[in-house]
Amino acid sequence: MFVLGLESTCDETGVSIVRDGKTILANQVASQMQVHERYGGVVPELASRHHLDVFVPLLHEALKEASISLHDIDLIAVARGPGLIGALLVGLNFAKGLSFGLGKPLIGVNHVEAHLYAVMMNASVELPALGVVISGGHTALLLVKDIGNYQLIGQTHDDAIGEAFDKVATLLQLPYPGGPHIEKLAESGDPHRFPFKPGTVKGHPFSFSFSGLKTRVLYLVKGQNAGKTDALIISEEDKKDVAASFQYVAFSDLIQKSQLAAQEFGCKSLILGGGVSNNQYLRNLFAQKCELPLYWPAKGLCLDNAAMIAGLGYHTYLRQQQSDPLDLEALSRMPL
Ligand code: KG4
Ligand code: ZN
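Rules and cut-offs
- Residues numbered from 1 in each chain as written.
- Chains lettered and ligands numbered in written order.
- Predicted model: local features only at pLDDT ≥ 70, side-chain atom pairs only at ≥ 80, totals over all residues.
- Heavy atoms only, no water.
- Pairing = 2+ DSSP bridges.
- Helix = DSSP H or I, 4+ residues; strand = E, 2+ residues; numbered from the N terminus.
- Salt bridge = Lys/Arg side-chain N within 4 Å of Asp/Glu carboxyl O.
- Buried < 20%, exposed > 50% of the residue type's maximum accessible area, 1.4 Å probe, protein only.
- Donors = N, O, S within 2.8 Å, 3.2 Å for Na, K, Ca; no water.
- Tetrahedral: all angles 85-135°; square planar, octahedral: opposite > 155°, others 65-115°.
- Axes fitted to C-alpha atoms, helices over the stretch in contact; angles between N-to-C directions.
- Parallel < 35°, antiparallel > 145°, perpendicular 65-115°, else oblique.
- Left-handed = near helix turned anticlockwise from the far one by under 90°.
- Contact = heavy atoms within 4.5 Å.
- Nonpolar A, V, L, I, M, F, W, Y, C, P; charged D, E, K, R; others polar.

## A look at the sheet that holds strand β6 (residues 129-134)
Alright, step 1. Spatial strand order, β8-β7-β6-β9-β10: five strands in an open sheet with mixed pairing. Each edge of the sheet is formed by a strand with only one pairing partner; in this case those strands are β8 (149-155) and β10 (294-295).
Alright, step 2. Sheet topology note: the β6/strand β9 (residues 269-273) ladder contains five bridges and is parallel. From the neighbouring strand, Leu 130 faces β9, where its bridge partner is Leu 270.

Given below as structure tokens:
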């Protein structure tokens, strides 16, 4: 079964073609990084307009890459949420148009669930697993009993971990999106120089809070009670130690809560997904501290992409045994 996957939840447009949920025949991604960089974050209206511009050319590229024609497609899978509503509407309506025009079934999938499925595209994991979704929009621990069968264990109560990386990067005057720049800068920094404290949520041992950590970084680099736009009071050398210390504390918190949750819920493995799982320091730290088997997404499947949408769409369609209706709605918030 050839599945066409469409992704437009935030600032990446993705068009992929995946056979039987596993074999990636095409994986086209157009990043909008340059569009949003000068604003230091994603501008939703610009994101929607950019998706609109690039979907059709990307589709042609994907068909060329997979060496198939549009009529060979058996199913159209699209991310229907969670995400920016305008951006989602562009992808969803593109999917509906293709479905109606070609007479092929449509299936809407959850983007967060797809981040976890990304790992299962090239590995058979031991279940139940602890799913760790770490991206610019999400930070969640989930008990994964099977594909499509999850239980939410904990999530962030304020900023997502990737969002905290991006905001700290902005404070350190690094380009957007800041996660990879923090990782790079931290390579030559001392992770133990500034003993920041991770955020805790009273009564929720598996939940996260990154906004306090971010504020502590702000006060350190710009002075007590400083505003975001105030000048830096630290040296270029200090910046490296701030990046390394922030990264170390955020990841240690994530690893400690993941391990605790895995133990509590009897998980046999850990599966990770989302843009932050691209971080090599995180992979090394997890490997040092965690005894359970760890599964990371393959290259090209950490950040937002449509291959994970097509892959998951295949399983969702087989389970559901019917197409989603053409009045399927986009959901800016979408529980699993
Ligand atoms: O999964 P993703 O592409 O989009 C969302 O669904 O949110 O994740 C993007 C996030 C951004 O916050 C980016 O800074 C972060 O992933 N990220 C990283 C790294 N690469 C991307 N964070 C830390 N280290 C990295 N190497
Ligand atoms: Zn994502």
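## Considering the pattern of salt bridges
Alright, step 1. As enumerated under the stated definition, the model contains eleven salt bridges in all.
Alright, step 2. Between Arg 49 and Glu 45 there is a salt bridge, with the nearest N and O atoms lying 2.7 Å from each other. Within this pair, Arg 49 and its partner Glu 45 are both found in helix α2 (residues 44-66), separated by four residues, close to a single helical turn.
Alright, step 3. On the accessibility criterion, Arg 49 (51% relative accessible area) is exposed.
Alright, step 4. One salt bridge connects Lys 214 with Asp 159, and the closest N-O pair in it is separated by 2.8 Å. A residue pair is termed long-range when its members are at least 10 positions apart, and Lys 214 in helix α7 (residues 211-222) and Asp 159 in the loop between β8 and α5 (161-171) qualify at 55 residues. In this pair, the class of Lys 214 matches that of Asp 159, namely buried.
Alright, step 5. Through salt bridges with shared partners, a single ionic network connects Asp 159, Glu 163, Lys 167 and Lys 214.

## Things to note about the coordination of the zinc ion (ligand 2)
Alright, step 1. Coordination sphere of the zinc ion (ligand 2), protein contribution only: His 111 (NE2), His 115 (NE2) and Asp 304 (OD), at 2.0 to 2.1 Å.
Alright, step 2. Of note is the zinc ion (ligand 2), whose four donor atoms meet at the metal with angles of 96 to 138 degrees in an arrangement that counts as irregular.
Alright, step 3. Along the chain, the residues that donate to the zinc ion (ligand 2) are spaced as H-x3-H-x188-D. One end of the pair, His 115, is in helix α4 (residues 111-120); the other, Asp 304, is in the loop between β10 and α10 (307-320), with 189 residues separating them in the sequence.

## Section: the pairing of β6
Alright, step 1. Most of β6 sits out of view: six of its six residues are buried.
Alright, step 2. On β6, burial covers both faces: Ala 129, Gly 131 and Val 133 on one face and Leu 130, Val 132 and Ile 134 on the other are all buried.
Alright, step 3. Where β6 lies against strand β7 (residues 139-146), six bridges are found, and the strand directions are antiparallel. Within β7, the residue paired with Ile 134 across the bridge is Thr 139.
Alright, step 4. With antiparallel pairing between neighbouring strands as the criterion, β6 and β7 make up a hairpin whose turn holds four residues.

## Observations concerning the packing of α7 against helix α8 (residues 236-264)
Alright, step 1. Between α7 and α8, the shortest axis-to-axis distance is 11 Å and the interhelical angle comes to 165 degrees. The orientation of α7 with respect to α8, classified from their angle, is roughly antiparallel. Our pair here, α7 against α8, has a crossing hand that is right-handed. Across from Leu 213, Val 217, Leu 220 and Val 221 in α7, the residues of α8 making contact are Val 242, Phe 246, Val 249 and Ala 250.
Alright, step 2. By residue class, the composition of the contact of α7 with α8 is eight nonpolar, no polar and no charged.

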